[in-house]
Amino acid sequence: MTETSPKTRDDLFQFLDGLGISHSTKDHAPVFTVAESVSLRDEIPGGHTKNLFVKDKKDNFFLLTVEENASVDLKTVHTLIGAASKVSFGKPEKLMEYLGVIPGSVTAFGAINDIGKNVTFILDADLMAHDIVNCHPLSNDATTSIASADLLRFMEATGHAPQVLKVTG
C-alpha cells in the first residue's frame, strides 16, 4: 500500500535536496485561507500563492497557482488553459488521489504525488515574476519558499510541464 501513500513534507524536502534546489520553510499554525495567512507576510518575503483545483466536463484536472490576491474568472479561464469546457472545482477525493493533499493544503508541490500525470499545472505569469514563490509543503502548517525558476525545475523533475500563463485579472 505504500506505493499509493501520498508523499510527506520530508519526502518533498528530500526530493528538492536531491535536485540541489534551495528551499526554506517556516512552521506556523495551520491556515486554511489566504485571509488567515496574511499575518505571515512580514515574516516570509516573496509571492504568496492561492491554488484552485478545477476540472472540466471531460474530467481533465488543472491546478491553477496564482498570487494570493489575484482574481481568476472561472467563467472564462477555460479558454486560457485549454480546458474542454468551463471549469468547476474538483472534489476533495480527487485532490487527495492526485495531489495527496486535503482542501486548505493545496499546493504546486502536490505535483510530487501526481505520478499518473492526471493534473495540468498552470502557474500564473504574475506570480512567477516574483524571485521567490511561497507554497505549502503538502500541509497547511508551514510555508516553503523556493526560487520561481526552481519551482519550474521541481515540476519538470516530477514529469510535469507546467504552463506559465496570465490567468488572473
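Described in the following lines is the structure provided in the data block. Computed from a predicted structure; not experimentally measured.

Conventions we followed
- All residue numbers here refer to positions counted from 1 along the written sequence of the relevant chain.
- Local features in this predicted model are restricted to residues of pLDDT 70 or higher, and side-chain atom pairs are both shown and tallied only at a pLDDT of 80 or more, whereas totals for entire chains, interfaces and linings draw on every residue.
- To get the side-chain values, take all heavy atoms of the structure and skip hydrogens and water.
- Secondary structure elements follow DSSP: runs of H or I no shorter than four residues count as helices, runs of E no shorter than two count as strands, and numbering proceeds from the N terminus.
- When accessible area is computed with a 1.4 Å probe and restricted to protein chains, residues below 20% of their type maximum are described as buried, those above 50% as exposed, and intermediate ones as partly exposed.
- DSSP-based pairing: two strands are paired if at least 2 bridges between them are found.

1. Some points on the environment of Ala 129
Assignment of secondary structure puts Ala 129 in the loop between α5 (125-128) and β6 (132-135). With relative accessibility at 61%, the residue Ala 129 sits in the exposed group. Sequence separation between Ala 129 and Val 34 is 95 residues; the distance between their C-alpha atoms is 20 Å.

2. Some words on unusual backbone geometry
In this structure, Lys 117 takes a positive phi of about 55° despite not being glycine. Structurally, Lys 117 can be placed in the loop between α4 (92-99) and β5 (119-124). Despite not being glycine, Leu 138 shows a phi value in the positive range, around 75°. Relative to the elements of secondary structure, Leu 138 occurs in the loop between β6 and β7 (142-147).

3. A few points about the pairing of β7
Side chains on a regular strand alternate between the two faces of the sheet. Among the 6 residues in β7, 5 count as buried, and that is most of the element. Judged from the 5 bridges that link them, strand β1 (residues 23-27) and β7 form a sheet pairing that is antiparallel. Within β7, the residue paired with Ser 24 across the bridge is Ser 145. Where β6 lies against β7, 4 bridges are found, and the strand directions are antiparallel. Bridging from a neighbouring strand, Ile 132 pairs with Ala 147 of β7. Hairpin connection between β6 and β7: a loop of 6 residues separates the two successive antiparallel strands, and Leu 138 in this loop has a positive phi of roughly 75°.

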